[in-house]
Amino acid sequence: MQQIEHIKEFGGWLNRYRHRSAACNCDMTLSVYLPPAAAEGPVPAVYYLSGLTCTDDNVRVKAGAQRYAAELGLALVMPDTSPRGDDVPDEPDRSDLGKGAGFYVNATQPPWDRHYRMLDYVTDELPALLEAQLPVAAGVKSITGHSMGGHGALVAALRRPELYRSVSAFAPICNPVAVGWSERCLEAYLGDDRGAWIRYDATELIRAGKHFPGTPLIDQGTEDEFLAGQLQPQALEAACRAHGQALVLRMQPGYDHSYHFIATFIGEHLAYHAAALAD
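The notes below deal with the structure included here. (Residues numbered from 1 in each chain as written. Predicted model: local features only at pLDDT ≥ 70, side-chain atom pairs only at ≥ 80, totals over all residues. Heavy atoms only, no water.)

Observations regarding the overall build of the protein
Heads up, the rule is: Counting from the N terminus, the helices are the DSSP runs of H or I reaching at least four residues and the strands are the DSSP runs of E reaching at least two. Within these notes, the globule rule equals 2.2 Å times the number of residues to the 0.38 power, and the radius of gyration is based on C-alpha atoms. Here the term buried applies to any residue with accessible area under 20% of the maximum for its type, exposed to any over 50%, and partly exposed to those in between, with areas from a 1.4 Å probe on protein chains only. We call two residues in contact when some of their heavy atoms are within 4.5 Å. A 1.4 Å probe and the Shrake-Rupley method give the accessible areas. Residues count as covered only by the protein chains that appear here.
A count of helices and strands for the protein gives ten helices and nine strands. Relative to a compact globule of 279 residues, whose C-alpha radius of gyration would be 19 Å, the protein shows 17 Å and is just as compact. A principal-axis box enclosing the C-alpha atoms of the protein has dimensions of 50 × 40 × 35 Å. In the protein, which comprises 279 residues, the share counted as buried stands at 57%. Taking the contacts inside the protein whose residues are at least 6 apart along the sequence as the reference set, 70% of them involve residues at least 24 apart. Carbon and sulfur atoms provide 49% of the accessible area of the protein, an area that totals close to 10600 Å².

As structure tokens, then:
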């Protein structure tokens, strides 16, 4: 990895890196916050997956997470949301497909399949790289995310529960195969076989018998402009109830979809993960 930024924060270091990704077939950029405890040895990590149109910059600037990570002794890993580069396909007139909108899937359809393998990148390639090169404890990690990134966190934890101690999400897309907008994105990346889509749908994975590591924590604002039409947390809650999966879904009165909402509750999420990572 090439370090391209190195900023002192709360006694630790906020670093930005660039590296060549085999999974995404391009150069990828990410940020990692290393708490003061990392100076003494490897620390557990929480992976934060950002939402539609974002990069690693949104969360590291807006969420206020580094203060809590410093206090709790957690590395905070903040990857990008999609492949980038001049040769990476894009839909520049769409904000929901292409660069900034990878949906954390392993695309199977051209032209996306040459680069858009974000699930493999987040679950396998990136942890192996960081654990080899940074003071990040091997195999001791949790995952969270916002919106599209919340969807990615839930799906990663359901498909690879052995990798994570805990999972949480802020306003995640919970049942994308039931929403026309996200159906169209899944079709572009995965083709017209709905059986492929449900492998990237947390609600459908629960219905198919998958289980989360531990009890997920989900926060959802009641004034979120995407709640009724796109997020579907109640569908996930009903599926979990029907299949014996514990879930904490907190409907937070008055909160919207923005980073004001995330900044309000990010400390509680990191504390939740720290407790799981300490076990």
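There is more to say, and it comes next.
Observations regarding the sheet that holds strand β5 (residues 75-79)
The condition that has to hold: Between any two strands, at least two bridges found by DSSP are needed for them to pair. Note on geometry: axes are C-alpha line fits, over the in-contact stretch for helices, and angles between N-to-C directions span 0 to 180 degrees.
The six strands lie next to each other as β1-β2-β3-β5-β4-β6, forming an open sheet whose pairing is mixed. On the outer flanks of this sheet lie β1 (2-9) and β6 (136-145), each paired with one strand and no other. Direction aside, neighbouring strands of the sheet carry axes that sit 25° apart on average. One ladder, built from seven bridges, connects β1 with strand β2 (residues 12-21); its direction is antiparallel. Across the sheet, K8 pairs through a bridge with W13, a residue of β2. Packed on one face of the sheet, helix α2 (residues 65-72) meets β1, β2, β3 (26-34) and β5 and runs near 60° to β3.

Focus: the nonpolar core
We count it as follows: Side-chain atoms within 4.5 Å link the members of a nonpolar core, which is a set of buried Ala, Val, Leu, Ile, Met, Phe, Trp, Tyr and Cys residues.
Counting 90 residues, the largest nonpolar core has Y121, I143, L154 and Y189 as the members making the most contacts within it. In terms of residues, this core owes the most to one element, helix α10 (residues 259-278), which gives eight residues.

Some remarks on the packing of aromatic side chains
Threshold: Here the aromatic set is Phe, Tyr and Trp, taking the six-membered ring for Trp, and pairing holds for ring centres within 6.5 Å; pairs whose planes are under 30 degrees apart are stacked, those over 60 apart are edge-to-face, and all others are tilted. Here, over-ring charges are defined by two tests on the NZ atom of lysine or the CZ atom of arginine: distance to the ring centre within 6 Å, and angle to the ring normal within 35 degrees.
Under the definition given, this model contains eight aromatic pairs. The interplanar angle of 85° and the centroid separation of 5.9 Å between the aromatic rings of F170 and F261 together place this pair among those described as edge-to-face. Within this pair, whereas F170 is found in strand β7 (residues 168-170), its partner F261 is found in helix α10, the two being separated by 91 residues in sequence. Note on F170: relative accessible area 0%, which makes it buried. Owing to a relative accessible area of 0%, F261 belongs among the buried residues under this scheme. When the centroid spacing of 5.9 Å and the interplanar angle of 65° are considered together, the rings of F261 and F265 count as edge-to-face. Taken together, the residues F261 and F265, both in helix α10 and four residues apart, mark about one turn of the helix. Chaining the aromatic ring pairs together yields one cluster made of F170, Y255, F261 and F265. Here the guanidinium or amino end of K141 rests over the ring plane of Y164, the centre of that ring lying 5.7 Å away.

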